[in-house]
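As a plain string of letters, each chain reads:
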Amino acid sequence: MVNRMNPNPDASMNAQAPEPPGFPAPGVEGFQADFSLWPVLLARLPGRQPGQPGLERARQWLGTLEAALQRQQPFAVVCDMNAYISHKGESPEEKKAAALWMKSHLAAFHQYCRGNVYVIADDAARAGLLASGRQQAGASPVRVAAAATLPEAVALARQMLA
């Protein structure tokens, strides 16, 4: 796991770079999170291999969201889903962990998370995941968008925060 946590959340509040260098880190297969563009949180979810429960992937992702919520500041998530969608689906264990986490963090998540932007290069996969994400978001205040590239996604996330 690559995790670039900024110990000083105010230091990068107004970062102007479209994306940090090396994100996602080349050659790293696992989960990655990067707070260097805070209040834009960057994440890369790896794919799940067939038969692999993937609960560690869920723990890492939910721990990252928890760290974002602990800052008690509005934020938007940009999530590179290219590897994730290449190996379809979440395991039942991941779905359960995510549902339990969301149940116990729903109020804070709705208070601070302004939106999720998925990064997916493939047009059809992007449209499908966007439709699914919007359906899951339902009537929540969290907006959902998708982009083909990381710089596009960061720009959309910044708009959600404006």
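Description of the structure in this document. Numbers given to residues run from 1 along each chain, matching the order in which its sequence is written. Where local features are concerned, this predicted model is filtered to residues with pLDDT of at least 70; where side-chain atom pairs are given and counted, the filter is 80 or more; whole-chain, interface and lining totals use all residues. Values shown for side chains rest on all heavy atoms present in the structure; no hydrogens or waters enter the calculation.

## Some words on the side chain of Asp34
Runs of E in the DSSP output that reach at least two residues are strands. Runs of H or I that reach at least four are helices, and both are numbered from the N terminus. Among the structural elements, Asp34 can be located in strand β2 (residues 32-37). A simple rule labels every residue: compare its accessible area, found with a 1.4 Å probe on the protein chains alone, to the largest value its type can have, and call it buried under 20%, exposed over 50%, or partly exposed in between. By relative accessible area, which is 0% here, Asp34 ends up buried. What qualifies as a polar contact is a pair of N or O atoms within 3.5 Å, subject to a donor-acceptor requirement within protein and to the restriction that residues adjacent in sequence count only when both atoms come from side chains. Within the structure, Asp34 has its side chain in polar contact with the backbone nitrogen of Ser36 (distance 2.7 Å).

## With respect to unusual backbone geometry
Cis geometry is adopted by the peptide bond preceding Pro39, which originates at Trp38 and carries an omega value of 20°. Summarising the element assignment, Pro39 is placed in the loop between β2 and β3 (40-44). Backbone geometry at Gln72 places phi at a positive 50°, although glycine is not the residue there. Along the chain, Gln72 turns up in the loop between α1 (55-70) and β4 (75-80).

## Digging into the packing of α1 against helix α3 (residues 92-112)
Here α1 crosses α3 at 10°, and the two axes come no closer than 10 Å. Comparing their axes, α3 and α1 come out roughly parallel. Counted together, Leu55, Arg57, Ala58, Leu62, Leu65, Glu66 and Leu69 of α1 and Glu93, Glu94, Ala97, Ala98, Trp101, His105, Ala108, Phe109 and Tyr112 of α3 form the full contact between these two elements. The class makeup of the residues in the contact of α1 with α3 is 11 nonpolar, one polar and four charged. An axis is simply a line fitted to the C-alpha atoms; with a helix, the fit covers only the stretch in contact. Between two such axes, the angle follows the N-to-C directions and lies from 0 to 180 degrees. Put simply, angles under 35 degrees are roughly parallel, angles over 145 are roughly antiparallel, angles from 65 to 115 are roughly perpendicular, and the rest are oblique. Working rule for contacts: check all heavy atoms of both residues, and any pair within 4.5 Å makes them a contact. By the convention adopted, Pro, Cys, Tyr, Trp, Phe, Met, Ile, Leu, Val and Ala count as nonpolar, Lys, Arg, Asp and Glu as charged, and the other residues, Gly among them, as polar.

## Concerning the nonpolar core
Core analysis: the largest hydrophobic core is formed by 30 residues, its most contacted members being Trp61, Leu65, Phe75, Val77 and Met81. Contributions of two or more residues to this core are made by β2, β3, α1, β4, α3, β5 (113-119), α4 (123-137) and β6 (143-147). Sort the elements by how many residues they give to this core and α1 lands first, with six residues. With sequence-adjacent residues up to four places away left out, Phe75 is seen in contact with Trp38, Pro39, Ala68, Leu69, Tyr112, Cys113, Arg114, Gly115 and Leu161. If you look at the next biggest cluster of nonpolar residues, it comprises 14 residues, including Leu37, Ala145, Ala147 and Ala153. As used in this record, nonpolar core signifies buried Ala, Val, Leu, Ile, Met, Phe, Trp, Tyr and Cys residues forming a set joined through side-chain atoms within 4.5 Å.

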